[in-house]
Amino acid sequence: MKKILCFALILVTVLSFTACSREAGEAPVGMKNAAGKANDFYLYVPEDWIVNTTDRDLMASARVSENDSSNVTMIGYSDSENEYDSIDSYWEYYSKELENRVFDRATDSETGEEKSSFTLTNEGENILVNEKAAKKYEYSGKVAGLDLSYMQIIIKRENVFYIFTYTSTPDLYSRHDTELEMILNFFEFK
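Everything numeric here is computed off the predicted structure, so don't read it as measured data.

Enquirer: How do you make sense of the overall build of the protein when you look at a structure like this?
Expert: When its secondary structure is counted, the protein shows three helices and 13 strands. Expressed as a percentage of the 190 residues in the protein, the buried residues total 40%. The contacts of the protein with a sequence gap of at least 6 include a subset with a gap of at least 24, amounting to 44%. In the form shown here, the protein has an accessible surface area of approximately 11,100 Å², with 50% of it arising from carbon and sulfur atoms.

Printed below as a string of structure tokens:
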């Protein structure tokens, strides 16, 4: 375990130094771009991850491997009507949509009320994504009977909300922390 952590630390350090010498739009060493030409951003993922090429015009997405369906996506939502003045106001709307439309509903055994399996575990932590202000949300829930854990990071740029989502089963959720840190550190707009 110490060897793996040591290797991961060395890899992050090396990649951090090589990032300074690369051209904009050029993938960092050991990574590849998951975003298509129509996207206005670059989303770099580890070279051995599987990029979903069918989504590339709408969103960027990639999964870890054939045996590990943990995945990342990045999509931009254009707020052309200027309905949401901040990430917080967008999240208020978006989280209700998740709770009411995405996650399985179950009947509470004590009250008999139907409720969503959506459970927020981290609400709106301020973070930086490659020096861009963002907010991080973490939640879990059941989708089609499958327990899933999520991390979403939202960046607002002009009138577009960029939503980065990491999805995994609870047992694999923290396995990809190093890769996620690299992906977020190298995220950039065109």
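The rest of the description comes next.
Enquirer: Sorry, what's going on with the packing of aromatic side chains here?
Expert: Given two aromatic rings, their pairing is described by the distance between the two centres and the angle made by the two planes. Tallied over the entire structure, the rule returns 21 aromatic pairs. Between Y84 and Y90, the ring centres sit 5.4 Å apart and the planes meet at 80°, which makes this aromatic pair edge-to-face. For the pair formed by Y84 and Y90, the shared burial category is buried. Considering the side-chain rings of F103 and Y150, the 5.6 Å spacing of their centres and the 85° angle between planes classify their relative orientation as edge-to-face. Note that F103 is positioned in the loop between α2 (87–102) and β7 (105–107) and Y150 in strand β11 (residues 146–157), a separation of 47 residues in sequence. For the pair F103 and Y150, a shared accessibility class is recorded, and that class is buried. In this arrangement the basic side chain of R157 is found over the ring face of F189, its NZ or CZ atom lying 4.1 Å from the centre. Directly above the aromatic system of Y42 lies the positively charged group of K190, at a separation of 5.3 Å from the ring centroid.

Enquirer: How should the pairing of strand β9 (residues 119–129) be read in this particular structure?
Expert: Working note: regular strand, side chains alternate between the two faces of the sheet. Sheet topology note: the β9/strand β10 (residues 132–143) ladder contains eight bridges and is antiparallel. Bridge pairing links E125 to K136 in β10. Hairpin connection from β9 to β10: two residues lie between these consecutive antiparallel strands, with N130 at a positive phi of about 45°.

Enquirer: Would you mind going over the nonpolar core with me for this structure?
Expert: The tendency in soluble globular proteins is for nonpolar side chains to be buried side by side. Among the nonpolar cores identified, the biggest contains 32 residues, and F41, L43, V45, V72, F164, I183 and F187 are the most heavily contacted of them. When residues in this core are grouped by element, the largest group, five residues, is from helix α3 (residues 177–186). Excluding its chain neighbours within four sequence positions, the residues that come into contact with I183 are M31, L43, Y44, V45, P46, W49, V72 and F164. Counting 15 residues, the second largest nonpolar core, distinct from the first, contains Y84, I87, Y90 and I163.

Enquirer: Mind showing me how you'd approach the confidence of the model for the protein here?
Expert: Detailed reading of predicted coordinates is not advised where the pLDDT is low. Averaged over all residues, the pLDDT of the protein is 87; the fraction at 70 or higher stands at 87%. The model gives residues 1–19 a pLDDT under 50, and that stretch makes 11 contacts with residues more than four places away or in other chains.

Enquirer: Please clarify how the sheet that holds strand β12 (residues 160–168) should be interpreted in this entry.
Expert: Picture the strands of a sheet paired through backbone hydrogen bonds; they go either parallel or antiparallel. Here we have seven strands laid out as an open sheet, ordered β4-β5-β6-β12-β11-β10-β9, and antiparallel in their pairing. Strand pairing shows two members of the sheet lacking a second neighbour, β4 (50–51) and β9, which therefore form its edges. Sheet topology places strand β5 (residues 59–63) next to strand β6 (residues 71–78); five bridges connect them, and they run antiparallel. Note that in β6 the partner of M59 across the bridge is I75. Those strands touched by α2 are β6, β9, β10, β11 and β12, and its axis lies near 10° from that of β10.

Enquirer: I'm lost on the side chain of D68 in this one. Help?
Expert: Here D68 is to be found in the loop between β5 and β6. As a buried residue without a salt bridge, D68 has its nearest oppositely charged side chain in R175, at a separation of 4.7 Å. There is a polar contact of 2.7 Å between the side chain of D68 and the side chain of H176. With residues up to four places along the chain from it excluded, the contact list for D68 reads L172 and H176.

Enquirer: What is the right way to look at the pattern of salt bridges in this model?
Expert: Two side chains bearing opposite charge may form a pair once their charged atoms approach each other closely. The tally for this structure, following the rule as stated, stands at seven salt bridges. Where D40 meets R157, a salt bridge forms, and the shortest distance between an N and an O atom there is 3.8 Å. With a gap of 117 residues between them, D40 in the loop between β1 (31–33) and β2 (41–42) and R157 in strand β11 connect regions that are remote in the sequence. Taking the shortest distance from any N to any O, the salt bridge between D88 and K135 comes out at 2.8 Å. Residue D88 is located in helix α2, and its partner K135 is located in strand β10; the two are separated by 47 residues in the primary sequence.

Rules and cut-offs
Residues numbered from 1 in each chain as written. Predicted model: local features only at pLDDT ≥ 70, side-chain atom pairs only at ≥ 80, totals over all residues. Heavy atoms only, no water. Helix = DSSP H or I, 4+ residues; strand = E, 2+ residues; numbered from the N terminus. Buried < 20%, exposed > 50% of the residue type's maximum accessible area, 1.4 Å probe, protein only. Contact = heavy atoms within 4.5 Å. Areas by Shrake-Rupley, 256 points an atom, 1.4 Å probe, with all protein chains shown as cover. Phe/Tyr/Trp six-rings, centres within 6.5 Å; stacked < 30°, edge-to-face > 60°. Lys NZ or Arg CZ within 6 Å of the ring centre and 35° of its normal. Pairing = 2+ DSSP bridges. Core = buried A, V, L, I, M, F, W, Y, C linked by side-chain atoms within 4.5 Å. pLDDT = per-residue confidence, 0-100. Axes fitted to C-alpha atoms, helices over the stretch in contact; angles between N-to-C directions. Lys, Arg positive; Asp, Glu negative; His and termini not counted. Salt bridge = Lys/Arg side-chain N within 4 Å of Asp/Glu carboxyl O. Polar contact = N/O pair within 3.5 Å; in protein donor to acceptor, adjacent residues only side chain to side chain.

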